[in-house]
Amino acid sequence: MAQEDTFKKIVSHCKEYGFVFPSSDIYDGLAAVYDYGQNGVELKNNIKQYWWQSMVLLHENIVGIDSAIFMHPTIWKASGHVDAFNDPLIDNRDSKKRYRADVLIEDQLAKYDEKIEKEVAKAKKRFGESFDEALFRQTNPRVLEHAQERDALHARFEKALNDNDLAEIKQIILDEEIVCPISGTRNWTDVRQFNLMFKTEMGSTAEGASTIYLRPETAQGIFVNYLNVQKTGRMKVPFGIAQIGKAFRNEIVARQFIFRMREFEQMEMQFFVRPGTELDWFKKWKETRMAWHQALGFGAENYRFHDHEKLAHYANAASDVEFRMPFGFKEVEGIHSRTNFDLSQHEKYSGRSIKYFDPEANESYTPYVIETSIGVDRMFLSVMCHSYQEEQLEGGDTRVVLRLPAALAPVKLAVLPLVKKDGLPEKAREIMDDLKFHFNCKYEEKDTIGKRYRRMDAIGTPYCITVDHETLTDNCVTLRDRDTMEQQRVPVGQLRSLIEDKVSITSLLKKLQ
Ligand code: ATP
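What you see is a predicted model, and the numbers here were worked out from it, not measured in a lab.

About the cut-offs
- Residues numbered from 1 in each chain as written.
- Predicted model: local features only at pLDDT ≥ 70, side-chain atom pairs only at ≥ 80, totals over all residues.
- Heavy atoms only, no water.
- Buried < 20%, exposed > 50% of the residue type's maximum accessible area, 1.4 Å probe, protein only.
- Helix = DSSP H or I, 4+ residues; strand = E, 2+ residues; numbered from the N terminus.
- Pairing = 2+ DSSP bridges.
- Axes fitted to C-alpha atoms, helices over the stretch in contact; angles between N-to-C directions.
- Contact = heavy atoms within 4.5 Å.
- Domains from an automatic or database assignment.
- Buried area = accessible area lost by both parts, 1.4 Å probe.
- Near = heavy atom within 4 Å.
- Polar contact = N/O pair within 3.5 Å; in protein donor to acceptor, adjacent residues only side chain to side chain.
- Areas by Shrake-Rupley, 256 points an atom, 1.4 Å probe, with all protein chains shown as cover.

To continue, consider the pairing of strand 21 (residues 463-467). Extensive coverage of strand 21 is indicated by the burial of 5 of its 5 residues. With burial as the criterion, each face of strand 21 is covered, one bearing Tyr 463, Ile 465 and Val 467 and the other bearing Cys 464 and Thr 466. Note that strand 19 (residues 413-417) and strand 21 share 5 bridges and pair parallel. Each bridged residue has a counterpart across the sheet, and for Val 415 the counterpart in strand 21 is Ile 465. Of the strand pairs in this sheet, strand 21 and strand 22 (residues 476-481) are connected by 4 bridges, and their pairing is antiparallel. In the sheet register, Tyr 463 faces strand 22, and the bridge partner there is Asp 481.

Right, let's talk about the sheet that holds strand 5 (residues 98-100) for a bit. Spatial strand order, 5-4-6: 3 strands in an open sheet with antiparallel pairing. Taken across any chain shown, the strands that pair with only one partner, and hence form the sheet edges, are strand 5 and strand 6 (192-195). Averaged over neighbouring strand pairs, the angle between their axes works out to 45° when direction is ignored. The pairing of strand 4 (residues 86-91) with strand 5 spans 3 bridges and is antiparallel. If you follow Leu 89 over to strand 5, its bridge partner there is Arg 100. Across the face of the sheet, helix 5 (residues 101-127) comes into contact with strand 4 and strand 5 while running at roughly 65° to strand 5.

Bringing the domain arrangement of the protein into the picture now. For the protein, the assigned domains are domain 1 (39-73 + 216-392), domain 2 (92-193) and domain 3 (402-512). Using only C-alpha atoms to locate each centre, domain 1 and domain 2 end up separated by 30 Å. With 7 residues of domain 1 in contact, the opposing surface of domain 2 contributes 9 residues. Of the roughly 800 Å² buried at the junction of domain 1 and domain 2 (both faces included), carbon and sulfur atoms supply 54%.

If you trace the backbone, Lys 502 turns up in helix 17 (residues 495-503). Residue Lys 502 is classed as partly exposed on the basis of its relative accessible area, which comes to 46%. Along the backbone, Lys 502 and Ala 406 are 96 residues apart, and their C-alpha atoms lie at a distance of 6.8 Å. Not counting residues within four places of it along the chain, the set of residues in contact with Lys 502 comprises Ala 406, Ala 407, Tyr 463 and Ser 507.

Among the 16 residues in the neighbourhood of the ligand, the closest are listed as Glu 251, Arg 260, Met 261, Glu 331 and Val 332. With respect to the ligand, the backbone of Gly 375 contributes an N or O atom lying 3.0 Å from an oxygen atom. Considered on its own, the ligand offers 590 Å² of accessible surface; in the complex 86% of this is hidden by protein. Among the elements of the structure, strand 10 (263-273), strand 13 (328-337) and strand 16 (368-375) are those that each provide at least two residues to the shell around the ligand. It is strand 13 that contributes the most residues to the shell around the ligand, 5 residues altogether.

See below:
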């Protein structure tokens, strides 16, 4: 099945099974804003819990906060967002569609890579076992030609971005003959900068009201609380502050479902270190974060690092964790070495000293910062994309199964009486009443047992138990495994110990030790 078709199926699956709905659905939705449904919110909460606990429980020197979305407007001046939180936009005059100019060029760069991969795949097929891929990549004239074109474009693009040269960015789009995917034409406007922050007013009267922003990242809430936390928590550098919260960006083009939203959620951790040690910590946090992703068991081949072409104004190193989505490798998380830019700026704009006296080094300094910043929604999407599978079963049947990591699954156990009579529902309820305190259980008695299993597969429930007539005499149930569909007879008294450990966040956290 084409990747595009798979993605469409995932999007409709998300709606059909109560994971993600378009916002304001009965009013036909609101562009790039989504709501999480009854199953989505559970999955999202589990992702957040996995992240939070991996930061705050597993690191003695990381604590959490929850800062307000509204902040003093000067913060966004100090951080550089008022002047520089822009994306370059370009319009196609024929389709009237708006694009991010940098994304158009990045897509073009990816096309050269696709051409190279096609050549390699073709040769692999032709030469079979004896194929030396590394040698082919180094010597094949067509591969070398595409690589040269890509590298030349890359260098030109990087320079234009660093010089902030909008005319050159447009010229690249013209020279590369990039067309609008809707109109198919090259009738482009000039490239303009567009600030992504949403504004609103605080205060009731025109004179008294002041313009404030909806935060475009949660990080600044951490920086402006650095002193409060460091002093009240008696924290010693190196230490970190973690936060999960909403962020808002007026994205120019909102595409690909919950990948790029205008209201989204971030999980950010700022780690404060001694100046000069930041690149070691940067490396360490890259490894730590990659291990967190890979503990989910989606396969190391589905992740890669992407080092940034253009460093943000505050960074001296930056790398993204990318995940293989159905629409290619895409950023899920950013890891940035932010220097002491933010704290120094807040010192300057607030007039307050944010120096740290380091008793070991016997000196005062403004700490440097390593940031790990991951989007909850993008993480959710990557989990969904990897877990969604259509399976052919013996006997010609098919099933849709969400192979979610058990610790993230919205429902851990379905409790199903075989029939709706003969005392089976009462027995099932009794089991449920005991287990519901330990993990999320769902009771279902409607439809045939086969249909109920399929519904549970579709929302990723790792275990189902069936209560049948024998249960009333032997106090055993049939435990069914989502992935293998194997069934075993187990005593009711053993259910908790069999299941609890496998479905808990702790089982994931232990893989990180
Ligand atoms: P992009 O290049 O895709 O716009 P970014 O590099 O601007 O992303 P950061 O500012 O580094 O993103 O934000 C950190 C994380 O927040 C990203 O890795 C992503 O997971 C998430 N994120 C950023 N913008 C959005 C958005 N509009 N919708 C959903 N998640 C987002």
